[in-house]
Structures are given as structure tokens and as C-alpha cells.
Amino acid sequence: RKEVEQDPGPFNVPEGATVAFNCTYSNSASQSFFWYRQDCRKEPKLLMSVYSSGNEDGRFTAQLNRASQYISLLIRDSKLSDSATYLCVVINQAGTALIFGKGTTLSVSS
Amino acid sequence: DAGITQSPRHKVTETGTPVTLRCHQTENHRYMYWYRQDPGHGLRLIHYSYGVKDTDKGEVSDGYSVSRSKTEDFLLTLESATSSQTSVYFCAITENPTTGYTFGSGTRLTVV
């Protein structure tokens, strides 16, 4: 089993849609979780950290299920500018480096 | 972000030649990382540093070496470049990995 697995998509949605991305991770001892966003030919940028209680930042909601080793990202009221690749990220067992999923591509159309 | 810069931004080199990529930070962060990103593989860790002269290998370290002689610079060297090392290389920094990283803009390396 790969350390971080994501559905690669692409997810093609109209503006205003709600879309959810899921991710599973293999190391049950992981303590830190993130979602990064990467635009085409650009560097990844931190979108949000994921906390055990779940957290929200505007239209974005992240959830963590430790029992199932599952992380999700919900985007409400999608905008054209949300089109990007979303990377699920988990810290390694030693707590020294991040492990990245291969990413899920989102395309929002008008 | 202005706090981390990578050089060069683009490079084309021939198979068998040595290549050094530079990552420079002005944030005084403890940790620095080199990743490569390839289609179908995502971001994979090559090497990282947790202090001056302190480095460790990542998932795909074969064919690469690193050096960190001062806090602000982390160098990645391909001793003898191969076509399989054609990739986009990203440097990242953080003071604490549990809070996430900031990435540089990347170096696009082509080995012909």
C-alpha cells in the first residue's frame, strides 16, 4: 500500500458546485496532515492543515478520520480560480519530512 | 515567497556532466528539503537537512548528493547526470515540519 493515496481525477465541475476529495494514508502513527494546492507549472502552496476535530477556512473544509486513516477536503461554491491540483500530505513517522500524494486535479468550468 | 530562491530556474545539460542546484533561504529556518516531481510519481523526497552539516536521505537519493555548509544554502549535486534525472526539482524550507513547508519556485532540469 502506498503511503498516501489519492484519486487522481480529473474532477470536472461547474462553477458553484460542491466537490470532495479523499485521501488515505498508511502510517497510523502520523500526527500532521495537510492539503496543498499546486497550479500548473508552479510550486505547491499550503492550503490548510488538517486537525483531528476538522477545520474550515472559508469555502474549504478538511476532515480527518484517524480510525480509517482517511483525510478529506470539501470545496463549496467552486470558483474558476479553484482549478488546480490538490495534494494530500502526511508527515513521516520520524516527524522530519512530508510525504505527498500524487494529487487530484480539479477543473472548474463556467 | 521571497524567502526562498532556487537557481538556476532552467537548465539543460548533457548526460554524464555534473550539475549543482542551489537553494537559498533568508528565513533562517532549520530544515531544508529537495524533492523531485515527475508525472505519475508526484513529489518525492531526495534529501533533506535538519541543520548545518546535518543531512539525511529520502526516498530517491541514489545519484544525488547534498551539502549544507551554512544555514541559508542547501546544494543538490548530480555527480553524473542521467536522462532519468530529467525532472522538476523543488526546494522547501520550514522551522518545524509539523507546520508544513514553503516551497521555492522550482528548477526545471533537462538531461539530454
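Presented here is a report on the structure given in the accompanying data block. (Residues numbered from 1 in each chain as written. Chains lettered and ligands numbered in written order. Predicted model: local features only at pLDDT ≥ 70, side-chain atom pairs only at ≥ 80, totals over all residues. Heavy atoms only, no water.)

Focus: the state of the cysteines
The line we're drawing: Only a pair of cysteine sulfur atoms within 2.5 Å counts as a disulfide in this structure description. Helix and strand labels come from DSSP, where a helix needs a run of H or I of at least four residues and a strand needs a run of E of at least two; each type is numbered from the N terminus. Throughout this description, buried means an accessible area under 20% of the type-specific maximum (1.4 Å probe, protein chains only), exposed means over 50%, and partly exposed covers the range between.
If you walk through the whole model with that rule in mind, you get two disulfides over all chains. Residue C23 of chain A pairs covalently with C88 of chain A via a disulfide, S to S 2.0 Å. Between C23 of chain A and C88 of chain A, the disulfide has an S-S torsion of -75 degrees and is therefore left-handed. Linking C23 of chain A in strand β3 (residues 19-25) with C88 of chain A in strand β9 (residues 84-91), this pair joins segments that are 65 residues apart in sequence. Of the residues examined, C23 of chain A reaches a relative accessible area of 1% and is grouped as buried. There is a disulfide in this structure between C23 of chain B and C91 of chain B, and the S-S distance comes to 1.9 Å. As the torsion about the S-S bond is roughly -75 degrees, the C23 of chain B-C91 of chain B disulfide counts as left-handed. With C23 of chain B in strand β3 (residues 19-25) and C91 of chain B in strand β9 (residues 87-94), the pair connects residues that are 68 residues apart, well separated along the chain. Of the residues examined, C23 of chain B reaches a relative accessible area of 0% and is grouped as buried. Relative accessible area serves as the criterion here: at 0%, C91 of chain B is assigned to the buried category.

Remarks on the interface of chain A and chain B
Many descriptions give the size of an interface as the accessible area lost when the pieces come together. What counts here: Contact between two residues is taken to exist if any of their heavy atoms lie within 4.5 Å; hydrogens are not considered. Accessible surface is computed with a 1.4 Å probe, and the buried area is the amount of it that two parts give up when combined, taken over both parts together. The salt bridge definition used is simple: a Lys or Arg side-chain nitrogen within 4 Å of an Asp or Glu carboxyl oxygen. Two N or O atoms form a polar contact when they lie within 3.5 Å of each other; inside protein one atom must be a possible hydrogen donor and the other a possible acceptor, and for residues adjacent in sequence the pair counts only when both atoms belong to side chains. We call Asp, Glu, Lys and Arg charged. Ala, Val, Leu, Ile, Met, Phe, Trp, Tyr, Cys and Pro are nonpolar, and the rest, Gly among them, are polar.
The interface of chain A with chain B comprises 17 residues on the first partner and 21 residues on the second. Interface area, chain A with chain B, both sides summed: about 1500 Å², of which 54% is carbon and sulfur. The largest per-residue losses of area from chain A upon contact with chain B belong to E43, T96 and F100 of chain A, which jointly make up 32% of the total buried on that side. On the surface where chain A and chain B come into contact, there are zero salt bridges. Joining chain A to chain B, the criterion identifies seven residue pairs in polar contact (both at pLDDT 80 or more). Listing elements by their share of the side of chain A that touches chain B, those giving two or more residues are β4 (33-38), β5 (44-50), β9 and β10 (98-100) of chain A. Element by element, the count of residues in the side of chain A that touches chain B is highest for β4 of chain A, at three residues. Of the residues in the side of chain A that touches chain B, the class split is nine nonpolar, four polar and four charged.

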